[in-house]
Each structure stands twice: as C-alpha cells, then as structure tokens.
Amino acid sequence: LRLSSLKFKYGTEEPQNDCLCSAAWGTQSFHPLLSLFHRSMDDDLRLDPSQPMEMDSLDTDVKTTVGYMMSENTDPPSPPSPRRFWLRRWRQFWGAPVTAFLGNVVMYLLFLFLFSYVLLMDFSAPPAGPSASEIILYIWVFTLVCEEVRQGCFVGSQPVLQRVRQYLQDTWNKFDITALLLFILGVICRLFPDSFESGRTILCLDFMVFTLRLIHIFAVNKQLGPKMIIVGRMMKDVFLFLFFLGVWLVAYGVTTEGLLLPHDRRLPWIFRRVFYRPYLQIFGQIPLNEIDAALIAAANCTYDPVAILMEEAQPCTNTYANWLVLILLVVFLLVANILLLNLLIAMFSYTFAKVQGNSDIYWKSQRYNLILEYHNRPALAPPFILISHLHLFIKRHIRKVQSSKGRHFRECRGEQWERRRE
C-alpha cells in the first residue's frame, strides 16, 4: 500500500482506486474517505510532514529510499575500497565452477594431444627408456590420480567408506578409474622388453577410454546433454537385441559350417566362420565363391583332417546339400536384416521419444550434477592441480581453516546418497 501511495503521488500510477471502488459499491460517497486515506499514508512516509520529500527519478529503489528515510543515521554508507573490491572479484572468478570447468576442458584436450603424440611419434622400446614427452605424460597422469583420490576420500564430511561408495556411484568416476588402471598396467608392461608390445596395446586401448571421457562435457549443452542419456539407454536396447541376434547367428553359423567344411578341425577358423562370417553377412559381405557350389573354383585342397590341421593344404568345400546352404542364407538375411534390425530401430525410436519428451528435466539434472562436481574441484586443472592440493593441505591441516565452500551442495549430495541407500 505504501508503494502504491508513492507511485500515485509522483505520477507513476493513475488513480484508479476511486473508480474501482465506485464500480464495486455503486456510489460516489467513498471519495472523501479515499482521499483522506491517501493523505495519511503520504504523511507516514515523511520524516517531517511540513517538508514533503521528492524523488530524484522514477528509477530510484523504493526499498532503499524508504529504509534510508526511516533510519536514524542519515549519512550514506561508505563505498568499499577498489583494492578490496578487485580482490574479492578475483577470488570469485577463480572459485566459480565455470572457471574450473573451462580450465579442465582445455587442459584435458592438451592431455589427449600429448597422449596421442607419445603413442604415435615418441614411444621407444627399452632399453632406450621413456622420452621427455613420455615422462611429462606420466607426471600428468599422476596428477589425475591425485585428484581422483582427493574426490573419493577427502570430499565431504561422511566417513571414508561412505565417501568411497558415494564416489563409485558415479558412472564417470568408474570411467576415470578404469582409464587410470589401464594406464598403470600399460606403463608397467612397457618398461620390460618382453612385454613392450603388450604395454603398447594396453595404452592404445586406454587412449580410447580417455577420449570417450570427453562425452561428459556435453552435459553443459541443452541439446547434447539429453542425447547422452538417449545413447546410454540405447546401449541397453542393443544388449537386449544381441540376445536375439546371437541365438539366430549361432544357429545359422554352426549349421552352415557343418554343411560346408565338416573336415576342418582348426578351432580358430571354426570360430571365425561360425560367428564372424555370419555377422559380416548382415552388412552385405557375402562370400559366394565359398558358399555357392556353382561359383567355387577348383583348387589344391584335401579332405584329410590331419593334413588340414597341419596346414599342408586347404580344406575342400563340401557340395552335398548345397541347396540347403543357400536356402538358409536367404532365411538368415531375411530375419536378421529385416525383422531383427527393424525391431532394434523401433526400440531406438521408443527410447528417443521417451527421453526427448522430458529432455529439459534431464538436462537440468545433468547440469546440476556438473555444477556440483566442478564447484567442489580446485581452481587449477591438471597438471597444475598439485599447487591447489598443496594449498588445500596447508589451509586444512596446518592452518586449521575449515572450508565453507559448497556446504549446501555437500548437504544435498549427502541427502541424495541417503535416499539412494534407502
């Protein structure tokens, strides 16, 4: 009511109250009472009723103006010093989650570039030893290990075992642990001449895991964030689809192998023709010169299982009941390419429509978890994160300064963990 009286007095609002009252009651007898009511409210807002106050502009904050008029001290508050102002803004900049997020993204891209350079250009076998770039890569990964240990064991106020369980509930943390364990195993194998190639293989596979970790940054985008959930749920649909496909693939593969090459006893070749060849036939790679008797060329082959096992000659293709092999090929492609693949597409469409309808809710949940994660991270990104770790150690364990940052987020995360445990 006071704000309405101020606006009415200084011309920011038309006096519609009298008309509204007249329309409601159907009489004009209340006009003097309303005028008296407005005057009494105007007098209440003045320190001295004999001297009316004037507002400088219509943009003046009414709450500040009224508070200033009702205070006993009429001196305006002193502005903060520029040094303290910039110092506070500097701390807010480095403590913001967006700063930690952008820093981690940039440094992680540089880490992947260094990792790929070491694997492709500067990975020498022992006894040459690791190069300078490889040593830098090892130090970088060590800082990543330190950060994961800090997140798993030293973040939060719960007991250590509860912190570790809460840490392992996140899928991306499991990704990080897998990547770091593979890297450690690859480095150990790389140091010995006998297992050098095994170490290279493990590190190449580990680079793929580190690169897939980049999908996590898509959660910040409103369009790509829900797509991460769609892809994750589609992977579950693929696993369910593989059960149907696996049954049909094994049935066709074993039958055709027994009809075409019954004399071959080599297990690696049997598994390849039972599983791998039917899988490639789904995508159109059909070796008719090995299946159709009319297209099989004459070659130096044998039906002797011992000679085939000793690889003295290639096994001959059995042409008996070859017509049945061709019929099975047609039925297999019909069921696999038309029935099962369309079933998978229908499952994908249902999952996409289900998630896309609530994409805004999923994205807000992802964004909250992302802000929560980087709100609790140090400002500096690996490999410079060791400086932040040293600063936190001195601040917490030597100076005994308790952190108030993220208290609300930690309480919310603790409540979420309790609900999941229940």
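Scroll up for the structure.
Attention here is on the structure that accompanies the text. Given the structure is predicted, the values throughout are model-derived calculations rather than measurements.

Rules and cut-offs
Residues numbered from 1 in each chain as written. Predicted model: local features only at pLDDT ≥ 70, side-chain atom pairs only at ≥ 80, totals over all residues. Heavy atoms only, no water. Helix = DSSP H or I, 4+ residues; strand = E, 2+ residues; numbered from the N terminus. Buried < 20%, exposed > 50% of the residue type's maximum accessible area, 1.4 Å probe, protein only. Contact = heavy atoms within 4.5 Å. Areas by Shrake-Rupley, 256 points an atom, 1.4 Å probe, with all protein chains shown as cover. Expected span 1.5 Å × (residues − 1). Salt bridge = Lys/Arg side-chain N within 4 Å of Asp/Glu carboxyl O. Core = buried A, V, L, I, M, F, W, Y, C linked by side-chain atoms within 4.5 Å. Disulfide = S-S within 2.5 Å. Polar contact = N/O pair within 3.5 Å; in protein donor to acceptor, adjacent residues only side chain to side chain. Phe/Tyr/Trp six-rings, centres within 6.5 Å; stacked < 30°, edge-to-face > 60°.

1. Concerning the overall build of the chain
Argument step 1. Along its length, the chain carries 18 helices and 2 strands.
Argument step 2. Across the 422 residues that make up the chain, the buried fraction comes to 32%.
Argument step 3. Of the contacts made within the chain by residues no fewer than 6 positions apart, 71% connect residues no fewer than 24 positions apart.
Argument step 4. Carbon and sulfur atoms provide 66% of the accessible area of the chain, an area that totals close to 27900 Å².

2. Let's talk about helix H9 (residues 171–190)
Argument step 1. Over its 20 residues, H9 extends 29 Å from the first C-alpha to the last, a length consistent with the 28 Å expected when each residue adds 1.5 Å.
Argument step 2. Those residues of H9 that sit buried are Trp172, Asn173, Asp176, Ala179, Leu180, Phe183, Gly186, Val187, Cys189 and Arg190.

3. Observations concerning the pattern of salt bridges
Argument step 1. The tally for this structure, following the rule as stated, stands at 11 salt bridges.
Argument step 2. The salt bridge partner of Glu147 is Arg150, with a shortest N-O separation of 2.9 Å. Here Glu147 and its partner Arg150 are both found in helix H7 (residues 132–153), 3 residues apart, which amounts to about one turn of the helix. Residue Glu147 shares its accessibility class with Arg150, and that shared class is buried.

4. Examining the nonpolar core
Argument step 1. Ranked by size, the top nonpolar core spans 23 residues in total, and within it Phe111, Phe115, Leu137, Phe183 and Phe210 carry the most contacts.
Argument step 2. Listing elements by their share of this core, those giving two or more residues are helix H6 (97–121), H7, H9 and helix H10 (196–212).
Argument step 3. Examining the composition of this core, we find that 8 residues originate from one element, H6, more than from any other.
Argument step 4. When residues no more than four places from it in sequence are discounted, the contact partners of Phe183 are Phe115, Leu137, Tyr138, Val141, Leu203, Asp206 and Phe210.

5. Describing the state of the cysteines
Argument step 1. With the rule as written, the count across this model stands at 1 disulfide.
Argument step 2. The disulfide that involves Cys301 links it to Cys316, with 1.9 Å between the sulfurs. Judged by the sign of its S-S torsion, about 100°, the cystine formed by Cys301 and Cys316 is right-handed. Of this pair, Cys301 sits in strand S1 (residues 301–302) while Cys316 is found in the loop between strand S2 (314–315) and helix H15 (322–356), placing the two residues 15 residues apart along the sequence.

6. Considering the side chain of Arg150
Argument step 1. You can call Arg150 buried: its relative accessible area is 14%.
Argument step 2. Separated by 3.2 Å, the side chain of Arg150 and the backbone oxygen of Asn376 make a polar contact.
Argument step 3. Excluding residues within four positions of it along the chain, Arg150 makes contact with Val155, Asn376, Arg377, Pro378, His389 and Leu392.

7. Overview of the packing of aromatic side chains
Argument step 1. Throughout the structure, instances matching the rule amount to 19 aromatic pairs.
Argument step 2. Between the aromatic rings of Trp90 and Trp94, the centroid separation amounts to 5.7 Å while the plane-to-plane angle is 70°, which identifies the pairing as edge-to-face. Separated by 4 residues within a single helix, Trp90 and Trp94 lie in helix H5 (residues 82–95), roughly one turn from each other.
Argument step 3. With relative accessibility at 52%, the residue Trp90 sits in the exposed group.

Everything listed here is a matter of coordinates, which is why it stays silent on function.
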